[in-house]
Amino acid sequence: MVRSRIFKGLAAALLLVLVLAVALFINVWFFKPITIDAFYTRSFAKVALDRPELLSQLRVLPSWLDFYSDKLDDASPAHDRKEAEALRENLETLHRYDRNAIDREGRLSYDTLDYFLRTQVEGDPYWLHNFPVNQLFGVQSTLPIFMAQVHQVKSTAEGDNYVARLNAFPKKFDQVLESLDLRESRNLMPPRFVVDKVIAQMQGFVATPSKENLLFTSLKEKLDKLPADVIDAATRERLLAQTDNAIRASVYPSYRKLIDYFVALRPKAQSNEGAWHLPDGDAFYAWCVRQQTTTDVTPQQVHELGLAEVARVGAELDELLKSLGMREGSTGARLQKISHDPAQVYPDTAEGRQALLARYQIILDEVNRGLGKAFDVRPRLGVEVKAVPAALQAGAATAFYAAGSLDGSRPGIFYVNLRDVGDSPKFEMRNEAFHEGIPGHHFQITVAQERQDLPLFRKVIPLTAYVEGWALYAERLAFELGLEHEPLDGVGRLLWDMMRSVRLVVDSGIHYKHWTREQAIAYMMEKTGKDEAFVAAEIERYFVNPGQALAYKVGALKILALREKARLALGAKFDLAQFHNEVLTHGSLPLVLLERVIDDWIEKRKAA
């Protein structure tokens, strides 16, 4: 009897706990959560759980909760509208919390999310004003990279999931086609060059024999790394055979269907014009400028800032070139002479490309050891240099950084595009390493990821002016710390400072002042000395991502201004490492909030 009563009592207690847990879940998931931290968690969880590819990228769930690795993200217009409504609902829920009842760091989270959500809601009228398939990004290029670099295969189940995702390509491509059809029906056409380039890109992809395709070779490399007691030979051969079949039966037909769409679209897409020619184009671009810079700067102000920076950097660059004995010709012509010097270019051979990659890794390792007292918070996760897969080189940037996983199982990757070794002359390499790797993107992104006291959304929220502003600031910082070894390294830094200055002029020129593609190309070539093919690719990038190119210079100038403000205000109490702590350890921030963080830090240091 006693045991029975005890058992019944325990059962009742467990039932009560279960009921309370269910009630708490219902409250958190469907209504306003009791605490704002629970709201942050719910908001991010709803986004992540609805994006299988993001979950694979972040790796925040334990392996026994892997319900997503056989699925791809929904790319349909209906899903886009669902996400837009969720953003609006989250903004309304956020405003139901009492901001004044939250501590300082909590208010920073509140204001960051408020800024991001408000900006997204303001941009909702322009939700179709982009080109989801273009020469730089889109399902045709990002999905193979995702499968090769992000989808891990360390077990038979993960191998089966890899095959399942390949067989999900038709569904995702159909969703993208639905989105493209909707844009076309509203006369939202991509530039003509975009159509031509994505056709060529996809035709090259499907022309590759299936067993030579990146989707096959990358899986083979993953399987080759696994011991026989994890995946035996028979399972390995089965997975490779299924992958080969999926590429031929699912992947390639999906690409051919998308190729057919663009071939049919080509006669209709006859212009290469900026955002101004789209419906409400001027208002759309003004929103892009606000979103990308996280400021209230106008397109006209951006253009004027660009012209001033081009003049300032140009004068500094001219003086450095003269000090090197290069006095004749325009700045662009002198820069081009350096770039074409055979001594500045690695051999266009397999050995030369490997030497280029190895040199980047040497630079990163050396810089990491040479930062001295400029940083006392550093990432634990390392960074590796890898080549952009050959199949994807044509549409990819010259170099870019891919963040490591949150669980630390995948390092940060500094990707180098080896389609043309001339795109990475030796005198530019140190600056590129500072920007993409250390102390640039790798430091900024990974330090935030490794913070345990930040809401997850603040580790991954896309605020370009902060992210790219820090990376450009890192180039200047490395120079100040004496990490440039040769005068030509300084030429490389100033060349890229000029490039970011020119971007302010040409981006606003294209989208606000009705510049032609050719006009923008000519201006950039004159100021930077870069070859026409390189510059054309840069300019075409700005066409498909209005305002993004503005973020670098606007962000860097703000960080430099805040550092100078702190130095003048604090005098002997100014500490560079502590300044960097304040910039890096709060996660990605709108520039207006970064200024508030530094102002608060200045007051605390004064009182110390």
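Residues numbered from 1 in each chain as written. Predicted model: local features only at pLDDT ≥ 70, side-chain atom pairs only at ≥ 80, totals over all residues. Heavy atoms only, no water.

Concerning the environment of Ile461
With respect to the element layout, Ile461 can be found in the loop between helix H18 (457-460) and helix H19 (464-480). Among the residues examined, Ile461 registers a relative accessible area of 8% and is labelled buried. Each C-alpha atom, one on Ile461 and one on Leu113, is 8.7 Å from the other, the two residues being 348 residues apart in sequence. In this structure, Ile461 is in contact with Thr112, Phe116 and Ser588, ignoring residues within four places of it in sequence. (Helix = DSSP H or I, 4+ residues; strand = E, 2+ residues; numbered from the N terminus. Buried < 20%, exposed > 50% of the residue type's maximum accessible area, 1.4 Å probe, protein only. Contact = heavy atoms within 4.5 Å.)

Quick notes on the sheet that holds strand E3 (residues 412-416)
In spatial order, the strands read E1-E3-E2; together these three strands make up an open sheet with mixed pairing. With partners counted over all chains shown, the strands left at the sheet margins are strand E1 (383-387) and strand E2 (399-402), one partner each. Pairs of neighbouring strands in the sheet enclose a mean axial angle of 25°, with direction left out of account. One ladder, built from five bridges, connects E1 with E3; its direction is parallel. Looking at E3, one finds that Lys386 is bridged to Tyr415. The sheet strands contacting helix H16 (residues 426-436) are E2 and E3, and the helix crosses E2 at an angle near 25°. Along the sheet, helix H17 (residues 441-449) contacts E1, E2 and E3; its crossing angle with E2, the most-contacted strand, is approximately 15°. (Pairing = 2+ DSSP bridges. Axes fitted to C-alpha atoms, helices over the stretch in contact; angles between N-to-C directions.)

What about the nonpolar core?
Formed by 78 residues in total, the largest nonpolar core has its most connected members in Leu166, Phe169, Leu215, Leu258, Phe262, Val506 and Ile539. Per-element tally for this core: the top contributor is helix H11 (residues 233-265), with twelve residues. Each residue touching Leu215, except ones within four places of it in the same chain, is listed here: Pro144, Met147, Tyr162, Leu166, Phe169, Phe205, Thr243, Ile247 and Val251. In terms of nonpolar packing, the next biggest core, distinct from the first, is built from 69 residues, Ala275, Ala399, Ala478 and Trp601 among them. (Core = buried A, V, L, I, M, F, W, Y, C linked by side-chain atoms within 4.5 Å.)

Focus: the pairing of E3
Across the five residues that make up E3, a large majority, five, are buried. The side-chain alternation of E3 yields two buried faces, one formed by Gly412, Phe414 and Val416 and the other by Ile413 and Tyr415. The pairing of E2 with E3 spans four bridges and is antiparallel. When the sheet's bridge partners are listed, Tyr401 is paired in E3 with Phe414.

A closer look at the confidence of the model for the protein chain
Low-confidence regions, as indicated by low pLDDT, have predicted coordinates that should not be scrutinised in detail. Overall, the prediction assigns the protein chain a mean pLDDT of 91, with 95% of residues at 70 or greater. This model gives residues 5-30 a pLDDT under 50, and the stretch forms 14 contacts once residues within four places in sequence are excluded. (pLDDT = per-residue confidence, 0-100.)

Digging into unusual backbone geometry
Of note, the amide linkage connecting Ile438 to Pro439 takes the cis form, showing an omega dihedral of 5°. With respect to the element layout, Pro439 can be found in the loop between H16 and H17. Even without being a glycine, Thr294 presents a positive backbone phi close to 50°. Here Thr294 lies in the loop between helix H12 (281-293) and helix H13 (299-323). On the basis of relative accessible area, Thr294 is assigned to the buried category, the value being 2%.

Section: the side chain of Arg410
Here Arg410 is to be found in the loop between E2 and E3. Salt bridges are absent for the buried Arg410, whose nearest opposite-charge side chain, Asp407, sits at 6.4 Å. Here Gln57 takes part through its backbone oxygen, which lies 2.9 Å from a polar atom of the side chain of Arg410. Setting aside anything within four residues of it in sequence, one finds Arg410 in contact with Ser56, Gln57, Arg59, Gln149, Val150, Leu381, Ala403, Gly404 and Ser405. (Lys, Arg positive; Asp, Glu negative; His and termini not counted. Salt bridge = Lys/Arg side-chain N within 4 Å of Asp/Glu carboxyl O. Polar contact = N/O pair within 3.5 Å; in protein donor to acceptor, adjacent residues only side chain to side chain.)

Observations regarding helix H22 (residues 532-544)
Over its 13 residues, H22 extends 19 Å from the first C-alpha to the last, a length consistent with the 18 Å expected when each residue adds 1.5 Å. Within H22, ten of the 13 residues are buried, leaving the element largely enclosed by the surrounding structure. When we look at burial in H22, the residues that qualify are Phe534, Val535, Ala536, Glu538, Ile539, Glu540, Arg541, Tyr542, Phe543 and Val544. Contacts from the buried residues of H22 go to helix H9 (192-207), helix H20 (487-511), helix H21 (517-528) and helix H23 (551-570). (Expected span 1.5 Å × (residues − 1).)

Considerations on the packing of H13 against H23
Packed helices, taken two at a time, are described by the angle their axes make and the gap between the axes. Relative orientation of the contacting elements H13 and H23 amounts to 70°, with a least axis distance of 12 Å. Accordingly, the angle class assigned to the pair H13 and H23 is roughly perpendicular. Residue-level inspection shows Leu305, Glu309, Arg312 and Val313 of H13 in contact with H23, the latter providing Lys553, Val554 and Leu557. Its residues assigned to classes, the contact of H13 with H23 comprises four nonpolar, no polar and three charged. (Parallel < 35°, antiparallel > 145°, perpendicular 65-115°, else oblique. Nonpolar A, V, L, I, M, F, W, Y, C, P; charged D, E, K, R; others polar.)

Digging into the packing of aromatic side chains
According to the stated counting rule, one finds 23 aromatic pairs in the structure shown. Where Tyr126 meets Trp287, the ring centres are 6.2 Å apart and the plane angle is 40°; that geometry is what we call tilted. Residue Tyr126 is located in the loop between helix H5 (104-122) and helix H6 (139-150), and its partner Trp287 is located in helix H12; the two are separated by 161 residues in the primary sequence. For Tyr126, a relative accessible area of 15% puts it in the buried group. (Phe/Tyr/Trp six-rings, centres within 6.5 Å; stacked < 30°, edge-to-face > 60°.)

Quick look at the pattern of salt bridges
Here the structure, examined in full by the defined rule, presents 47 salt bridges. Glu105 is the partner of Arg104 in a salt bridge, and the nearest nitrogen-oxygen pair spans 3.9 Å. With its nearest N and O atoms 2.9 Å apart, the salt bridge here joins Arg517 to Glu540. Of this pair, Arg517 sits in helix H21 while Glu540 sits in helix H22, placing them 23 residues apart in sequence. Judged on exposure class, the residue Arg517 and its partner Glu540 are both buried.

Concerning the packing of H5 against helix H25 (residues 591-607)
At a minimum axis distance of 10 Å, the contact between H5 and H25 shows a crossing angle of 160°. One way to sum up the angle between H5 and H25 is to call them roughly antiparallel. For the pair H5 and H25, the sense of crossing is right-handed. Across the interface between the two elements, Arg104, Arg107, Leu108, Asp111, Thr112 and Tyr115 of H5 pack against Val592, Leu593, Arg596, Val597, Asp600 and Lys604 of H25. (Left-handed = near helix turned anticlockwise from the far one by under 90°.)

Re a nonpolar patch on the surface
The grouping of Leu49, Trp64, Leu65 and Phe67 at the surface amounts to a nonpolar patch, some 440 Å² of accessible area in total. Residue placement: Trp64 occurs in the loop between helix H3 (52-58) and helix H4 (77-94). (Patch = residues over 30% accessible without salt bridge, like charges linked within 9 Å, V, L, I, M, F, W, Y side chains within 5 Å. Areas by Shrake-Rupley, 256 points an atom, 1.4 Å probe, with all protein chains shown as cover.)

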